[in-house]
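Here is what each chain is made of, one letter per residue.
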Amino acid sequence: QVQLVESGGGSVQAGGSLRLSCAASGYTISSACMGWFRQAPGKEREGVAAVCTGGGRTYYENSVKGRFTISQDNDKNTVYLQMNSLKPEDTAMYYCAAGSGPRPYGISWVFDAYYAWGQGTLVTVSS
């Protein structure tokens, strides 16, 4: 019932910027949380950023703090991830997810419950 569609991925040089978008259907994003996850080759999936309670609370993985910003447009039912000062280590497949109950997991975080996942958008950062 819940569908998420990501867009905005691409290839960029180190230091550049990208903005990812996730449009939700069948789910009101302000009702719980929306998050961005990423998985790089040979690495475990990790939470990048999340926004909850209609934008009232945000969560970030440590390595992206100060560089990435998650936000949402409740009228458009869309969540965004503004990525600035991109580094090669940011290269990964980025996935949007709807969920609830963020909790620590290693140096990042996970949701206690997941309602839907997008199919992902690839971000490639070259040096």
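What counts, and at which threshold
- Numbering of residues begins from 1 in every chain and follows the order in which that chain's sequence is written.
- In view of the model being predicted, local features appear only for residues whose pLDDT reaches at least 70, and side-chain atom pairs are presented and counted only at 80 or more, with totals across whole chains, interfaces and linings using the full set of residues.
- Each side-chain value is worked out from all heavy atoms of the structure, with water and hydrogens disregarded.
- Any pair of cysteine sulfurs within 2.5 Å is marked as a disulfide.
- Secondary structure counts use DSSP, requiring at least four H or I residues in a row for a helix and at least two E residues in a row for a strand, with both numbered from the N terminus.
- To sort residues, take the accessible area from a 1.4 Å probe on protein chains only and compare it with the maximum for the residue type: under 20% means buried, over 50% means exposed, and anything in between is partly exposed.
- Pairing between strands is defined by DSSP: at least two bridges between the two strands are required.
- Every axis corresponds to a line fitted to the C-alpha atoms, with the helix fit spanning only the stretch in contact, and the corresponding angles, defined between N-to-C directions, vary from 0 to 180 degrees.
- Throughout, nonpolar core names a set of buried Ala, Val, Leu, Ile, Met, Phe, Trp, Tyr and Cys residues whose side chains join them through atoms within 4.5 Å.
- In what follows, a contact means two residues having at least one pair of non-hydrogen atoms within 4.5 Å.
- Pairing of aromatic rings covers Phe, Tyr and Trp, the last through its six-membered ring, and needs centres within 6.5 Å; plane angles under 30 degrees mean stacked, over 60 mean edge-to-face, and all others mean tilted.

A. Looking closely at the state of the cysteines. Counted under the stated rule, the structure contains 2 disulfides. For Cys22, the disulfide goes to Cys96, at an S-S distance of 2.0 Å. Between Cys22 and Cys96, the disulfide has an S-S torsion of -80° and is therefore left-handed. One end of the pair, Cys22, is in strand E3 (residues 18-25); the other, Cys96, is in strand E9 (residues 92-105), with 74 residues separating them in the sequence. Each of the two residues, Cys22 as well as Cys96, counts as buried. One disulfide in the model links Cys33 with Cys52; its S-S distance is 2.0 Å. Where Cys33 bonds to Cys52 through sulfur, the torsion about that S-S bond is close to 110°, and the disulfide is right-handed. Pair noted here: Cys33 is in strand E4 (residues 33-39) and Cys52 is in strand E5 (residues 46-52), with a separation of 19 residues, a long-range link. Exposure class is identical for Cys33 and Cys52. Each is buried. Bonded cysteines in the protein are paired 1-4, 2-3 when counted in the order they occur along the chain.

B. Summary view of the sheet that holds strand E7 (residues 68-73). The sheet built from 4 strands is open, its strands ordered E1-E3-E8-E7 with antiparallel pairing. Two strands close off the open sheet at either side, each with one partner strand: strand E1 (3-7) and E7. Averaged over all pairs of adjacent strands, the angle between their axes in this sheet comes to 15°, without regard to strand direction. Two strands pair when backbone bridges link them, and E7 and strand E8 (residues 78-83) are joined in this way by 6 bridges, in the antiparallel orientation. Considered in E8, the bridge of Thr69 is made with Gln82.

C. Main features of the nonpolar core. Ranked by internal contacts, the top residues of the largest apolar core, which has 30 residues, are Met34, Trp36, Leu81, Met83 and Tyr94. Residue contacts for Leu81: discarding those within four places in its chain leaves Leu18, Arg19, Leu20, Trp36, Val48, Ala49, Phe68, Thr69, Ile70 and Tyr94. Residues Phe37, Cys52, Ala97 and Phe111 belong to the second largest nonpolar core, which totals 7 residues.

D. Region of the structure containing the packing of aromatic side chains. Enumeration according to the criterion identifies 8 aromatic pairs in this entry. Ring centres of Trp109 and Phe111 lie 5.2 Å apart, and the angle between their planes is 45°; this geometry places the pair in the tilted category. Judged by its relative accessible area of 3%, Phe111 is buried. Seen in terms of ring centroids, Phe111 and Tyr114 are 5.6 Å apart; in terms of plane orientation they differ by 55°. Their pairing is tilted. Look at Tyr114 and you get partly exposed, because its relative accessible area is 29%. Ring pairs connect the aromatic residues Phe37, Trp109, Phe111, Tyr114 and Trp117, which therefore count as one cluster.

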